[in-house]
Amino acid sequence: MKNLIDIIDLSVEEIDETIKLALDIIKNPTTYSHACDGKVLASLFFEASTRTRLSFESAMIKLGGGVISVPGAQISSISKGESIADTAKIVSCYSDIIAMRNPVEGSAYVLGQNASVPVINAGDGGHCHPTQTTADLLTIYRVMGRLENLKIGLCGDLLYGRTVHSLINAMNRYKGIKYVLISPKELSLPDYLKDKLDSDGVCYEEVESLEDAMPSLDVLYMTRIQRERFSDPAQYERLKNSYCLTKDKMNLAGEDMCLLHPLPRVNEISEKIDEDKRAYYFDQALNGRYMRMALILKLLRDNESFVNSIPAGTARHFVPDYIPEKYKGIAEVNVHKCTNPKCITQTEQELDHISINGRCLFCEQKTI
Ligand code: NCD
């Protein structure tokens, strides 16, 4: 694997191996404390972040490597109009691995195709957030002892919540998974993900009441209503208090339910619940560091020979090949256009529109 852009870039075997590696890092931290000596992580965060950025940076430092960072678009050349493709080529000159968060959907894919070092998507708008999912999976595994046969409640902003999108794409591939999708109608899961649930034959129901869903859940994954993604502030005001988990509501849950939240929380989980033994969201944040350590190690190892094939002292220039091998021949270039205003095709000037089975290659929204 060259880049981790979408959780589906990791096979189930690779997810399981990465979890194993993270568990070994937890047990034997000193074994790994020089594993990345001399390596540099470029940490590009063009959107707000506390956990993801700091856990990536702390992960690289714990592995013995160094970190260079651009904490904000305003102070990078993106603000001067530099493209993502050029940013990739430049940052590759100074780093061995790149983690980027960017509000533009599909931007990490373009960065990955143009970088000569591995790229990790640390969140691309409301689209996906694969490394948060790896933290979620490690937490579920450590708490429940399995990733199969689970009834998972996903509650809150399922439309814009990228952590939910990636978690679904991961869990769909495990046996016996059922989802209860708990959201107001306006914030229900995007169609492209419902289509995936249908085509993967995964059981799900859509409901609005958290209380009704609680008693039967093995895992409850709460999310924040994503204010920054709303185009209509009045709609956010109307929906912002849709769910608030209180002690009383927690009493409806089973004794062994695992309560997760990618954080930050606004008001979806009362602080009074923090002492409940079923609340695992702070462990989840810590698990994020272990999984990011494991992923950095994996990507550096997987790409050693590719990176070494670039002659020392030369910047690598190449023409990116955006269409994945399996879609060659069926992808339509510049025939059907993506109209999602938040997609990278709207901001990256020379990027072709690429449509596969009626959906944009970069953001997965419908093309016309
Ligand atoms: C999430 C994100 O950025 O998508 N946070 C995180 O990375 N832990 C969730 C959120 O912002 O609501």
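Below is a summary of the structure that appears in this document. Because the structure is a prediction, the values reported are computed rather than measured.

1. A short note on the pattern of salt bridges
Okay, so step 1: One pass over the full model with this rule turns up 17 salt bridges.
Okay, so step 2: The partner of Asp 274 in a salt bridge is Arg 265, with the nearest N and O atoms 2.8 Å apart.
Okay, so step 3: In this structure, the salt-bridge partner of Asp 321 is Lys 328, at a minimum N-O distance of 2.8 Å.
Okay, so step 4: Here the residues in one salt-bridge network are Glu 14, Lys 298 and Asp 302, joined through shared partners.

2. What to know about the packing of helix 1 (residues 12-27) against helix 5 (residues 130-144)
What describes two packed helices is the angle between their axes and the distance between those same axes.
Okay, so step 1: Contact geometry for helix 1 and helix 5: axes closest at 10 Å, N-to-C directions at 70°. By the angle between their directions, the pair helix 1 and helix 5 is classed as roughly perpendicular. Residues Ile 15, Ile 19, Ala 22, Leu 23 and Ile 26 of helix 1 pack against Leu 137, Leu 138, Tyr 141 and Arg 142 of helix 5.
Okay, so step 2: Looking at the contact of helix 1 with helix 5 residue by residue, the classes come out as 8 nonpolar, no polar and 1 charged.

3. Observations regarding the environment of Gly 65
Okay, so step 1: By secondary structure assignment, the location of Gly 65 is in the loop between helix 2 (51-62) and strand 2 (66-70).
Okay, so step 2: Gly 65 sits in the buried class, given a relative accessible area of 14%.
Okay, so step 3: Remark: the alpha-carbon pair of Gly 65 and Met 100, spanning 35 residues in sequence, is separated by 17 Å.
Okay, so step 4: In this structure Gly 65 touches Cys 36, Lys 39 and Met 60, once residues within four positions along its chain are discounted.

4. Structural notes on the site of the ligand
Okay, so step 1: The full set of residues close to the ligand is Arg 51, Thr 52, Arg 101, His 129, Gln 132, Arg 162, Thr 163, Arg 224, Gln 226, Pro 262, Leu 263 and Pro 264.
Okay, so step 2: Side-chain polar atom of Thr 52 to an oxygen atom of the ligand: 2.9 Å apart, as the coordinates give it.
Okay, so step 3: The protein chains hide 94% of the 310 Å² of surface that the ligand would expose on its own.
Okay, so step 4: Those elements giving two or more residues to the shell around the ligand turn out to be helix 2 and helix 6 (162-171).
Okay, so step 5: Looking at the shell around the ligand, its residues break down into 3 nonpolar, 5 polar and 4 charged.

5. A word on a negative patch on the surface
Okay, so step 1: A contiguous patch of negative charge, built from Glu 13, Asp 16, Glu 17 and Glu 148, is present on the exposed surface.
Okay, so step 2: Within the secondary structure, Asp 16 sits in helix 1.
Okay, so step 3: A relative accessible area of 33% means that Asp 16 is categorised as partly exposed.

6. Quick notes on the nonpolar core
Okay, so step 1: Formed by 57 residues in total, the largest nonpolar core has its most connected members in Leu 154, Ile 168, Met 171, Tyr 179 and Ile 296.
Okay, so step 2: Top contributing element to this core by residue count: helix 11 (residues 281-302), with 9 residues.
Okay, so step 3: By size, the runner-up hydrophobic cluster in this structure holds 31 residues, among which are Phe 46, Ala 73, Ala 108 and Leu 351.

7. Comments concerning the sheet that holds strand 12 (residues 359-360)
Strand pairing in a sheet relies on backbone hydrogen bonds, with the paired strands running either antiparallel or parallel.
Okay, so step 1: On the basis of which strands lie adjacent, the open sheet formed by 3 strands has the order 10-11-12 and antiparallel pairing. Each of the sheet's edge strands pairs with one partner strand only, and the pair in question is strand 10 (332-333) and strand 12.
Okay, so step 2: Bridge analysis of strand 10 against strand 11 (residues 354-356) gives 2 bridges, and the strand direction is antiparallel. Within strand 11, the residue paired with Val 333 across the bridge is Ile 354.

8. Examining the packing of aromatic side chains
Okay, so step 1: Within this structure, the stated rule accounts for 6 aromatic pairs.
Okay, so step 2: Judged by centre distance (5.8 Å) and plane angle (65°), the ring pair of Tyr 109 and Phe 362 falls under edge-to-face. Separated by 253 residues along the polypeptide, Tyr 109 in helix 4 (residues 107-114) and Phe 362 in the segment after strand 12 bring together distant segments of the chain.
Okay, so step 3: Given a relative accessible area of 16%, Tyr 109 falls into the buried group.
Okay, so step 4: Note on Tyr 281 and Phe 282: the rings are 5.2 Å apart at their centroids and 65° apart in plane angle, and the pair reads as edge-to-face.
Okay, so step 5: These aromatic residues form a ring-pair network of at least three members: Tyr 109, Tyr 322 and Phe 362.
Okay, so step 6: Its end group placed over the ring of Phe 56, Arg 292 keeps NZ or CZ at 5.1 Å from the ring centre.

9. A few points about the packing of helix 3 (residues 84-94) against helix 4
Okay, so step 1: Taken N-terminus to C-terminus, the directions of helix 3 and helix 4 make an angle of 45°; their axes are 8 Å apart at the nearest point. Here helix 4 runs oblique to helix 3, going by the angle between their axes. The handedness of the crossing between helix 3 and helix 4 is right-handed. Contact residues: Ile 84, Ala 85, Thr 87, Ala 88 and Lys 89 in helix 3; Ser 107, Val 110, Leu 111 and Asn 114 in helix 4.
Okay, so step 2: Looking at the contact of helix 3 with helix 4 residue by residue, the class counts come to 5 nonpolar, 3 polar and 1 charged.

10. Notes on the sheet that holds strand 4 (residues 119-124)
Okay, so step 1: If you trace the 4 strands from one edge of the open sheet to the other, you get 2-1-3-4, paired in parallel fashion. With partners counted over all chains shown, the strands left at the sheet margins are strand 2 and strand 4, one partner each. With direction set aside, neighbouring strand axes in the sheet form an average angle of 15°.
Okay, so step 2: In terms of strand pairing, strand 1 (residues 40-45) meets strand 3 (residues 97-102) through 5 bridges, oriented parallel. Considered in strand 3, the bridge of Leu 44 is made with Met 100.
Okay, so step 3: In the packing of helix 4 onto the sheet, contacts are made with strand 3 and strand 4, and the angle to strand 4 comes to roughly 165°.

Calculation rules
- Residues numbered from 1 in each chain as written.
- Predicted model: local features only at pLDDT ≥ 70, side-chain atom pairs only at ≥ 80, totals over all residues.
- Heavy atoms only, no water.
- Salt bridge = Lys/Arg side-chain N within 4 Å of Asp/Glu carboxyl O.
- Axes fitted to C-alpha atoms, helices over the stretch in contact; angles between N-to-C directions.
- Helix = DSSP H or I, 4+ residues; strand = E, 2+ residues; numbered from the N terminus.
- Parallel < 35°, antiparallel > 145°, perpendicular 65-115°, else oblique.
- Contact = heavy atoms within 4.5 Å.
- Nonpolar A, V, L, I, M, F, W, Y, C, P; charged D, E, K, R; others polar.
- Buried < 20%, exposed > 50% of the residue type's maximum accessible area, 1.4 Å probe, protein only.
- Near = heavy atom within 4 Å.
- Polar contact = N/O pair within 3.5 Å; in protein donor to acceptor, adjacent residues only side chain to side chain.
- Areas by Shrake-Rupley, 256 points an atom, 1.4 Å probe, with all protein chains shown as cover.
- Patch = residues over 30% accessible without salt bridge, like charges linked within 9 Å, V, L, I, M, F, W, Y side chains within 5 Å.
- Lys, Arg positive; Asp, Glu negative; His and termini not counted.
- Charge placed at Lys NZ, Arg CZ, Asp CG, Glu CD.
- Core = buried A, V, L, I, M, F, W, Y, C linked by side-chain atoms within 4.5 Å.
- Pairing = 2+ DSSP bridges.
- Phe/Tyr/Trp six-rings, centres within 6.5 Å; stacked < 30°, edge-to-face > 60°.
- Lys NZ or Arg CZ within 6 Å of the ring centre and 35° of its normal.
- Left-handed = near helix turned anticlockwise from the far one by under 90°.

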